[in-house]
Amino acid sequence: MPEKENPKLKTLVPWLYHNDHHNTVRYILGTEGKRPLVCIGINPSTAEPDRLDNTLKSVARLAKSNGFDSWIMLNVYPQRATDPDHLHRKADAVIHRKNLAAIEKMLSGIKGRPVIWAAWGTLIDKRDFLSQCLRDIYHVAKKHHCRWVTIGGVTKDGHPRHPLRMSAATKTTPFAIDDYMKRVENW
């Protein structure tokens, strides 16, 4: 885990970062702390330690304003794509398994009950395989007794909102992941 200087914080930021050697897949990006907010989006873009995109700047800001000392970004599918329309047409089983293993390892390392922020928005509908990937992540998280939240509520279709354009004052609310997953199984 590399440590990099973040000039805006004027402190040493211990980064969590796990990607593939081609940098076409990112499994984990976040900061280390005792009480992280684990955010799950759809897929990673180009963000890296000390080079956060606007979505991850929002994640960091909202984690802090909701009382968390750190944040960890995970994704339903780990393929990097600046446009979700460019995601694979079919899931790559190898990177999906590696994503699940990275999520399992990360959740195992959190002391206490992990808090997961569901934040994939309507992008879950971009590819048919994304709901299956989410289902697999749900089962991994269930083993760790995670508490699920959303920030900014849900869309009219019941999907948890994407974090990009939220005020720092927006607070977490419980997210009924079990009910949501029952709906997902009927898609």
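Given the structure is predicted, the values throughout are model-derived calculations rather than measurements.

**Examining the nonpolar core**
Point 1. One finds Val76, Trp120, Trp148 and Tyr180 to be the most contacted residues of the largest nonpolar core, which totals 39 residues.
Point 2. Mapped by element, the contributors of at least two residues to this core are β3 (26-31), β4 (36-41), β5 (70-75), α2 (93-108), β6 (115-118), α3 (129-143) and α4 (177-185).
Point 3. Of the residues forming this core, the biggest block, eight residues, is contributed by α3.
Point 4. Beyond its immediate chain neighbours, meaning those up to four positions away, tryptophan 148 contacts Ile40, Ile116, Ala118, Trp120, Ala141, Thr173, Pro174, Phe175 and Ile177.
Point 5. Among the nonpolar cores identified, the runner-up in size contains 19 residues, and Val59, Met73, Val115 and Trp117 belong to it.

**Description of the state of the cysteines**
Point 1. In the structure shown here, the tally under the stated rule is zero disulfides.
Point 2. With no disulfide partner, cysteine 39 has as its closest neighbouring cysteine sulfur the one in cysteine 146, 13 Å distant.

**A short note on α2**
Every α-helical turn comprises 3.6 residues, leaving residues that sit three or four positions apart pointing alike.
Point 1. Taking 1.5 Å of rise per residue, 16 residues should cover 22 Å, and α2 covers 22 Å from first to last C-alpha, within 8% of that figure.
Point 2. Among all positions of α2, only Ile95, His96, Asn99, Leu100, Ala102, Ile103, Met106 and Leu107 are buried. The buried residues of α2 occupy one face: seen down the axis, they fall within an arc of 165°. Exposed side chains of α2 directed beyond 90 degrees from the buried face belong to Arg97 and Lys105.
Point 3. Between the side-chain oxygen of the N-cap and the backbone nitrogen of valine 94 there are 2.9 Å, and the N-cap of α2 in question is aspartate 92.

**Quick look at the confidence of the model for the chain**
Point 1. Chain-level pLDDT for the chain is 92 on average; 93% of the residues reach the 70-or-more range.
Point 2. Note that residues 1-11 has pLDDT below 50 and, in this model, 20 contacts with residues that lie over four places away or in other chains.

**Some words on the packing of α3 against α4**
Point 1. Running from amino to carboxyl end, α3 crosses α4 at an angle of 150°, the nearest separation of the two axes being 11 Å. Classed by the angle they form, the pair α3 and α4 counts as roughly antiparallel. Like other packed secondary-structure pairs, α3 and α4 cross with a definite hand, here left-handed. Between α3 and α4, the residues in contact are Ser131, Leu134, Arg135, Tyr138 and Lys142 and Ile177, Asp178, Tyr180, Met181, Val184 and Glu185, respectively.
Point 2. Within the contact of α3 with α4, the residues separate by chemical class into six nonpolar, one polar and four charged.

Thresholds applied
- Residues numbered from 1 in each chain as written.
- Predicted model: local features only at pLDDT ≥ 70, side-chain atom pairs only at ≥ 80, totals over all residues.
- Heavy atoms only, no water.
- Core = buried A, V, L, I, M, F, W, Y, C linked by side-chain atoms within 4.5 Å.
- Buried < 20%, exposed > 50% of the residue type's maximum accessible area, 1.4 Å probe, protein only.
- Helix = DSSP H or I, 4+ residues; strand = E, 2+ residues; numbered from the N terminus.
- Contact = heavy atoms within 4.5 Å.
- Disulfide = S-S within 2.5 Å.
- Expected span 1.5 Å × (residues − 1).
- Arc of directions from axis to C-beta.
- Polar contact = N/O pair within 3.5 Å; in protein donor to acceptor, adjacent residues only side chain to side chain.
- pLDDT = per-residue confidence, 0-100.
- Axes fitted to C-alpha atoms, helices over the stretch in contact; angles between N-to-C directions.
- Parallel < 35°, antiparallel > 145°, perpendicular 65-115°, else oblique.
- Left-handed = near helix turned anticlockwise from the far one by under 90°.
- Nonpolar A, V, L, I, M, F, W, Y, C, P; charged D, E, K, R; others polar.

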